[in-house]
Amino acid sequence: MSERGWYPPSADDIVRLGQEILADLPEPFRTPLRDVPVVVQELAEDEVVKDLGLENPYDLTGLYAGIPVGLHEARESGAPPDMIFLFRQAILAEWCETDVDFNDLVRNVLIHEIAHHFGWSDEDIERVEFG
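Residues numbered from 1 in each chain as written. Predicted model: local features only at pLDDT ≥ 70, side-chain atom pairs only at ≥ 80, totals over all residues. Heavy atoms only, no water.

Enquirer: Quick rundown of the pattern of salt bridges? Include the residues and the values.
Expert: For the structure shown, the criterion picks out four salt bridges. For Arg-34, the salt bridge goes to Asp-35, with nearest N and O atoms at 4.0 Å. Accessibility classification places Arg-34 together with Asp-35 in one group, the exposed group. Notably, a salt bridge pairs Arg-88 with Glu-42, separated by 2.9 Å at the nearest N-O pair. Linking Arg-88 in helix α4 (residues 88-97) with Glu-42 in the loop between β1 (38-41) and α3 (46-51), this pair joins segments that are 46 residues apart in sequence. With a relative accessible area of 12%, Arg-88 lands in the buried category. (Salt bridge = Lys/Arg side-chain N within 4 Å of Asp/Glu carboxyl O. Buried < 20%, exposed > 50% of the residue type's maximum accessible area, 1.4 Å probe, protein only. Helix = DSSP H or I, 4+ residues; strand = E, 2+ residues; numbered from the N terminus.)

Enquirer: Let's hear about the layout of surface pockets: which residues, and what values?
Expert: Approximately 450 Å³ is the volume found for the largest pocket. Residue lining of the largest pocket: 19 residues in total, with Thr-61, Gly-62, Val-109, His-112 and Glu-113 positioned closest to the centre. Elements with a contribution of two residues or more to the lining of the largest pocket: β2 (62-65), α5 (102-117) and α6 (122-130). In terms of residues, the lining of the largest pocket owes the most to one element, α5, which gives six residues. (1 Å grid on protein atoms, 1.4 Å probe; cavity = no way out; pocket = protein on both sides within 12 Å on 5 of 7 lines; lining within 4 Å. Points joined across faces, edges and corners; volume = space filled by probe spheres on them.)

Enquirer: Break down a negative patch on the surface for me, with residues and values.
Expert: On the surface, a cluster of negative charge is made up of Glu-45, Asp-46, Glu-47 and Asp-51. On the secondary structure map, Glu-47 appears in helix α3. Note on Glu-47: relative accessible area 57%, which makes it exposed. (Patch = residues over 30% accessible without salt bridge, like charges linked within 9 Å, V, L, I, M, F, W, Y side chains within 5 Å. Areas by Shrake-Rupley, 256 points an atom, 1.4 Å probe, with all protein chains shown as cover. Lys, Arg positive; Asp, Glu negative; His and termini not counted. Charge placed at Lys NZ, Arg CZ, Asp CG, Glu CD.)

Enquirer: Give a detailed account of the packing of aromatic side chains, specifying residues and quantitative values.
Expert: Using the criterion set out here, one finds three aromatic pairs in the structure. When the centroid spacing of 5.4 Å and the interplanar angle of 85 degrees are considered together, the rings of Phe-29 and Phe-118 count as edge-to-face. Within this pair, whereas Phe-29 is found in helix α2 (residues 27-33), its partner Phe-118 is found in the loop between α5 and α6, the two being separated by 89 residues in sequence. Given the relative accessible area of 23%, Phe-118 is considered partly exposed. (Phe/Tyr/Trp six-rings, centres within 6.5 Å; stacked < 30°, edge-to-face > 60°.)

Enquirer: Residue-level account of the sheet that holds β1, with values.
Expert: On the basis of which strands lie adjacent, the open sheet formed by three strands has the order β1-β3-β2 and mixed pairing. Taken across any chain shown, the strands that pair with only one partner, and hence form the sheet edges, are β1 and β2. The mean inter-strand angle of the sheet, taken between neighbouring strand axes irrespective of direction, is 25 degrees. Here β2 pairs with strand β3 (residues 83-87) via four bridges, running antiparallel. Bridge assignment links Tyr-64 to a residue of β3, and that residue is Ile-84. Those strands touched by helix α1 (residues 11-24) are β1 and β3, and its axis lies near 155 degrees from that of β1. (Pairing = 2+ DSSP bridges. Axes fitted to C-alpha atoms, helices over the stretch in contact; angles between N-to-C directions. Contact = heavy atoms within 4.5 Å.)

Enquirer: Can you lay out the side chain of Arg-88 for me, pointing to particular residues and giving the numbers?
Expert: Side-chain polar atoms of Arg-88 contact the backbone oxygen of Pro-9, separated by 2.7 Å. If near-sequence neighbours (up to four positions away) are discounted, Arg-88 is found in contact with Pro-8, Pro-9, Ser-10, Ala-11, Ile-14, Val-40, Gln-41 and Glu-42. (Polar contact = N/O pair within 3.5 Å; in protein donor to acceptor, adjacent residues only side chain to side chain.)

Interpretation in functional terms is not warranted from these geometric data alone.
Following this line, the structure appears as structure tokens:
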């Protein structure tokens, strides 16, 4: 807390936290992620929200955009690079609505998106998370 009061984590704070989380991953995961930037935006763009069939941008805390590991050979020339997006306002809203530690919340969102980088579907991730 600063002398002027408490402030919610900034985009830069979340980027730093994301870099720390990536640095703590075991080596089999770290190397394939070395060139995948973590980008923090305030909210997902309207087009992304619509394409995913969501009603509200606050329903999306993170997004993997790219071609999963193992399919990179199929990448077309000029295709955009892989990226992981974290959406700050959606993460902050979820943080305020739950008792989850902020660092744990960001870690869970980032790990979920990393799983997509490795080709896991939402169903695969849910099976691992919830048995």
